[in-house]
Amino acid sequence: MIKVSTRLLILLILPLISCEEPYDLRIRDFQKEYVVDGLITDHPGPHQITITYSGAYSLYREGNNQPVIGAMVSITDSEGVVEILTDAGQGKYITSAGFKGIPGNKYTLYVQIPGGDELISDPELLPVGSPITESQFEFEPENEFHLDGHRVWVTVADMPGQKNYYRWIYTGVFQFVTLFDGPIPFSTTCWKFEYFRYDLKLASDRFIDGNLFDQNIAIIPYYSGSPYLLTVYQYSLSREAFDFWNSVDNQINNSSGLFGVMPFGIRGNMRCVNDANKNVLGYFGASSLIKHPVYVTRDDGKVKNLITYPRNVYCWTFGNTALYDPVNSSTWPDGWPR
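Residues numbered from 1 in each chain as written. Predicted model: local features only at pLDDT ≥ 70, side-chain atom pairs only at ≥ 80, totals over all residues. Heavy atoms only, no water.

1. Side note on the overall build of the protein
Line of reasoning, step 1. A count of helical and extended segments in the protein gives 2 helices and 21 strands.
Line of reasoning, step 2. Contacts in the protein between residues far apart in sequence, at least 24 positions, make up 69% of those at least 6 positions apart.
Line of reasoning, step 3. Within the structure as shown, the protein displays about 19300 Å² of accessible surface, and the carbon and sulfur contribution to it stands at 55%. (Helix = DSSP H or I, 4+ residues; strand = E, 2+ residues; numbered from the N terminus. Contact = heavy atoms within 4.5 Å. Areas by Shrake-Rupley, 256 points an atom, 1.4 Å probe, with all protein chains shown as cover.)

Written as structure tokens, this is what we have:
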């Protein structure tokens, strides 16, 4: 009875442990594995490839992985052109500023690790992208799923006669005013930059080949009447890249509880040439990129008259901020009306 009660107690305690704590993978004789993360696009560089050794599992934490220093890294296209990457430190390797991919070509990443291991990717196709024809936004009042906000979506003209796969990510920026209640009160206007790294949006044209379709991007919470600039990044994907990111999305959003699928290293398109027993995690991708700004004016007459958010906080102590310069518009975010 004592053993049974102890096990039951453990099972009851486990759900209370924060999911952000790294799993102790020593229970399965955890071995360090190479992790390769990088993407090239048809836009000018520099493009970055990050190479690390895997650390303890954690979904939303960074910095657990040990960087691979001093590797020799190159990218070769299907026409035999070789791009040598520069070691930028901390496991980051970058292309030249003029390097960009060509739609229709295939690209292979090669890594020579100090000590002898050689890593190589499968040839990765850089697919032709489909254009975004327009974007729209509409105010939606608060409900059980979200606060008051503007829903933003884009319309995509799918390229006919080919299998198209898509991935969307987005960033945001808005202005806010900070107030300082000191001996001489003053206010400062700042930019607030927001990054949404874990909101993966994927689609294929399996049922919509050659047609226009709408893709929801985000609902921007209504902080104030100030405009909000949402920048949409649409990436074309190979079928293999789509399958990889779909697996990542399933793992991130797995909520099947204690007896659900445990976190695991998702295999990508990399392998170790000289030792097949060494796993290489991550994915080397190649995509056409469409960057589409959506300037949400907040002037549709349906919003509340709320105070500016946030208040009573210094610009330079609030994460991902910058001072607003009303004179020099060249310092403003790309896409913000001049």
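2. Regarding the sheet that holds strand S16 (residues 212-221)
Line of reasoning, step 1. Across the sheet, which stays open at both edges, the 3 strands sit in the order S11-S12-S16 with antiparallel pairing between neighbours. Every other strand in the sheet has two partners, leaving strand S11 (132-140) and S16 as the edge strands with one partner each. Sheet twist, expressed as the average angle between the axes of neighbouring strands with direction ignored, equals 20°.
Line of reasoning, step 2. Judged from the 9 bridges that link them, strand S12 (residues 149-157) and S16 form a sheet pairing that is antiparallel. Its bridge partner being in S16, histidine 150 is matched across the sheet by isoleucine 220. (Pairing = 2+ DSSP bridges. Axes fitted to C-alpha atoms, helices over the stretch in contact; angles between N-to-C directions.)

3. Let's talk about the packing of aromatic side chains
Line of reasoning, step 1. One pass over the full model with this rule turns up 15 aromatic pairs.
Line of reasoning, step 2. For the pair phenylalanine 174 and tyrosine 228, a centre-to-centre distance of 5.7 Å together with 20° between the ring planes defines the contact as stacked. One end of the pair, phenylalanine 174, is in strand S13 (residues 165-180); the other, tyrosine 228, is in strand S17 (residues 228-237), and 54 residues separate them in sequence.
Line of reasoning, step 3. Arranged with centres 5.0 Å apart and planes meeting at 35°, the rings of phenylalanine 244 and tyrosine 283 form a pair that is tilted. With a gap of 39 residues between them, phenylalanine 244 in helix H2 (residues 239-252) and tyrosine 283 in strand S19 (residues 280-287) connect regions that are remote in the sequence.
Line of reasoning, step 4. Aromatic ring contacts, followed pair by pair, group Trp191, Tyr295, Tyr324, Trp332 and Trp336 into a single cluster.
Line of reasoning, step 5. It is arginine 167 that lies over the ring of tyrosine 235; its NZ or CZ is 5.9 Å from the centre.
Line of reasoning, step 6. In this structure, arginine 167 is placed above the aromatic ring of tryptophan 245, and the distance from its NZ or CZ to the ring centre is 3.9 Å. (Phe/Tyr/Trp six-rings, centres within 6.5 Å; stacked < 30°, edge-to-face > 60°. Lys NZ or Arg CZ within 6 Å of the ring centre and 35° of its normal.)

4. Re the pattern of salt bridges
Line of reasoning, step 1. For the structure on display, the rule yields 6 salt bridges.
Line of reasoning, step 2. Two residues, aspartate 334 and lysine 291, come together in a salt bridge whose shortest N-O distance is 3.8 Å. Here lysine 291 lies in strand S20 (residues 289-296) and aspartate 334 lies in the segment after strand S21 (321-323), a separation of 43 residues in the sequence.
Line of reasoning, step 3. What emerges from the salt-bridge pattern is a single network uniting Glu138, Glu140 and Arg151. (Salt bridge = Lys/Arg side-chain N within 4 Å of Asp/Glu carboxyl O.)

5. Quick look at the pairing of strand S8 (residues 106-112)
Line of reasoning, step 1. By the bridge criterion, 6 bridges tie strand S4 (residues 72-77) to S8 in an arrangement that is antiparallel. Across the sheet, the residue bridging to threonine 76 is threonine 108, located in S8.
Line of reasoning, step 2. With 2 bridges connecting them, S8 and strand S10 (residues 124-125) associate as antiparallel partners. Paired with lysine 106 across the bridge in S10 is leucine 125.
Line of reasoning, step 3. Looking at chain direction, S8 and strand S9 (residues 118-121) are connected through 3 bridges and run antiparallel. Each residue of the ladder has a partner; that of tyrosine 110, found in S9, is isoleucine 120.
Line of reasoning, step 4. Between S8 and S9, which follow one another and run antiparallel, lie 5 residues, and glycine 115 among them has a positive phi close to 110°.

6. Regarding the environment of threonine 189
Line of reasoning, step 1. Within the fold, threonine 189 resides in strand S14 (residues 186-195).
Line of reasoning, step 2. Residues in contact with threonine 189, not counting those within four places in the same chain, are Gln175, Phe176, Val177, Leu323 and Tyr324.

7. With respect to the pairing of S17
Line of reasoning, step 1. For S17, the buried fraction is high: 10 of the 10 residues fall into the buried class.
Line of reasoning, step 2. Where burial is concerned, the two faces of S17 agree: the one with Tyr228, Leu230, Val232, Gln234 and Ser236 and the one with Leu229, Thr231, Tyr233, Tyr235 and Leu237 are both buried.
Line of reasoning, step 3. Pairing of S17 with S20, which is carried by 8 bridges, proceeds in the antiparallel orientation. Bridging from a neighbouring strand, tyrosine 233 pairs with lysine 291 of S20. (Buried < 20%, exposed > 50% of the residue type's maximum accessible area, 1.4 Å probe, protein only.)

8. With respect to unusual backbone geometry
Line of reasoning, step 1. Look at the link from glycine 45 to proline 46: it is a cis peptide, with omega at 5°.
Line of reasoning, step 2. Within the fold, proline 46 resides in the loop between strand S1 (34-41) and strand S2 (48-53).
Line of reasoning, step 3. A positive phi angle is found at glutamine 90, which is not glycine, with a value near 55°.
Line of reasoning, step 4. Examined against the element boundaries, glutamine 90 turns out to sit in the loop between strand S6 (86-89) and strand S7 (92-94).

9. Brief notes about the nonpolar core
Line of reasoning, step 1. Counting residues in hydrophobic clusters, the biggest one holds 23 residues, and the most contacted among them are Ile51, Leu109 and Leu119.
Line of reasoning, step 2. At the level of elements, S1, S2, S4, S8, strand S18 (270-272) and S19 are the ones that each hand at least two residues to this core.
Line of reasoning, step 3. When sequence neighbours within four positions are dropped, the list of residues in contact with leucine 119 reads Tyr34, Val36, Leu109, Tyr110, Val111, Ile113, Met270, Arg271, Cys272 and Val280.
Line of reasoning, step 4. Residues Val154, Tyr166, Phe174 and Val232 belong to the second largest nonpolar core, which totals 20 residues. (Core = buried A, V, L, I, M, F, W, Y, C linked by side-chain atoms within 4.5 Å.)

10. Brief notes about the environment of proline 114
Line of reasoning, step 1. Position of proline 114 among the secondary structure elements: in the loop between S8 and S9.
Line of reasoning, step 2. Once residues within four sequence positions are removed from consideration, proline 114 is found in contact with Val68, Ile69, Gly70 and Ala71.

11. Section: the side chain of glutamate 83
Line of reasoning, step 1. Relative to the helices and strands, glutamate 83 resides in strand S5 (residues 82-84).
Line of reasoning, step 2. At 2.9 Å, the side chain of glutamate 83 and the backbone nitrogen of serine 96 are in polar contact.
Line of reasoning, step 3. If near-sequence neighbours (up to four positions away) are discounted, glutamate 83 is found in contact with Val73, Ser74, Ile75, Thr95, Ser96 and Phe99. (Polar contact = N/O pair within 3.5 Å; in protein donor to acceptor, adjacent residues only side chain to side chain.)

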